[in-house]
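So the chains spell out like this:
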Amino acid sequence: ATAGNGGDTEFLCQKVGETGNVYAFDVQEMAISHTRERLERANLSTRAKLIHDGHEKMQTYVKEEVKAITFNFGYLPGSDHKIATHPSSLAAIESALNLLKKGGIINLCIYSGGDTGYEEKEAILNYVKELDSKKWLVIVNAYYNRKNDPPLPVFIYRLK
Ligand code: SAH
């Protein structure tokens, strides 16, 4: 959902195997080109579709159910810190829930405080707390011994 410099996209391209597909979204041209270069170096470009558009529109581009969706919110490292994910995050998570297969997983890496300059953590936590527990299993994790506002990893599993 947040291609950034392409680390997660490369990881997912490895995981899906030769016949698998990865869709990678980013609103910044620079992120898309960094991701493209990274996949080319790793010889994985054929497994990914790179989409220069917002992740809140993922249902416009993805017409099949998917097994996993990865969000790494915040800004692109080494780029303009003002182009961060907030406030598109909630709409994007809702779209992701709509696309997820039974048994699939969404992971969210949420930033707050520090130099992020924006607050999306609370809105996201309030949103996932209200998800129907019969259908969704939501796990909130913590980097427990890390200082200075560590990111918050959240997993959402689709149970049925
Ligand atoms: N903070 C992370 C990196 C996050 S990268 C770290 O420390 O590594 C987040 C990416 O999300 C950026 O490349 C940014 O351009 C992208 N982004 C922002 N809004 C978006 C949106 N609506 N849809 C898709 N990507 C978006």
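Anyway, here's the lowdown on the structure attached to this text. Because the structure is a prediction, the values reported are computed rather than measured.

## Concerning helix α2 (residues 29-41)
For α2, with 13 residues, the first-to-last C-alpha span of 18 Å sits near the 18 Å given by 1.5 Å per residue. Taken as a whole, α2 has its buried residues at Ala-31, Ile-32, Thr-35 and Leu-39. Projected onto a plane normal to the axis of α2, the buried residues spread over an arc of 100° and lie on a single side. Backbone geometry just downstream of α2 places Asn-43 in the positive-phi region, at approximately 60°.

## What about the sheet that holds strand β5 (residues 136-140)?
Pairing is mixed across the open sheet formed by four strands, whose spatial order is β3-β4-β6-β5. This sheet does not close on itself; its edge strands, each paired only once, are β3 (66-72) and β5. Within this sheet the neighbouring strands show an average axis-to-axis angle of 10°, counted without direction. Across five bridges, the pairing between β5 and strand β6 (residues 152-158) is antiparallel. The residue of β6 that forms the bridge with Trp-136 is Arg-158. Contacts from helix α4 (residues 89-99) reach β3, β4 (100-110), β5 and β6 within the one sheet, and its direction differs from that of β4 by about 155°.

## A few points about the pattern of salt bridges
Counted according to the given criterion, the structure contains three salt bridges. The partner of Glu-65 in a salt bridge is Arg-158, and the shortest N-O contact between them spans 3.4 Å. With a gap of 93 residues between them, Glu-65 in the loop between α3 (58-61) and β3 and Arg-158 in strand β6 connect regions that are remote in the sequence. On the basis of relative accessibility, which here comes to 17%, the residue Arg-158 falls in the buried class.

## Observations regarding the site of the ligand
Within the structure, the ligand sits among 20 residues, and Asp-26, Gln-28, His-55, Glu-56 and Phe-73 are positioned closest to it. A distance of 3.1 Å separates a nitrogen atom of the ligand from a polar atom in the backbone of Phe-73. Between Tyr-111 and the ligand, the recorded distance is 3.5 Å, taken from a side-chain N or O atom to an oxygen atom. Alone, the ligand offers 580 Å² of accessible surface; in the complex the protein occludes 87% of this. Classifying every residue of the shell around the ligand by side-chain character gives nine nonpolar, nine polar and two charged.

What counts and how
Residues numbered from 1 in each chain as written. Predicted model: local features only at pLDDT ≥ 70, side-chain atom pairs only at ≥ 80, totals over all residues. Heavy atoms only, no water. Helix = DSSP H or I, 4+ residues; strand = E, 2+ residues; numbered from the N terminus. Expected span 1.5 Å × (residues − 1). Buried < 20%, exposed > 50% of the residue type's maximum accessible area, 1.4 Å probe, protein only. Arc of directions from axis to C-beta. Pairing = 2+ DSSP bridges. Axes fitted to C-alpha atoms, helices over the stretch in contact; angles between N-to-C directions. Contact = heavy atoms within 4.5 Å. Salt bridge = Lys/Arg side-chain N within 4 Å of Asp/Glu carboxyl O. Near = heavy atom within 4 Å. Polar contact = N/O pair within 3.5 Å; in protein donor to acceptor, adjacent residues only side chain to side chain. Areas by Shrake-Rupley, 256 points an atom, 1.4 Å probe, with all protein chains shown as cover. Nonpolar A, V, L, I, M, F, W, Y, C, P; charged D, E, K, R; others polar.

Nothing here speaks to function; it is all geometry.
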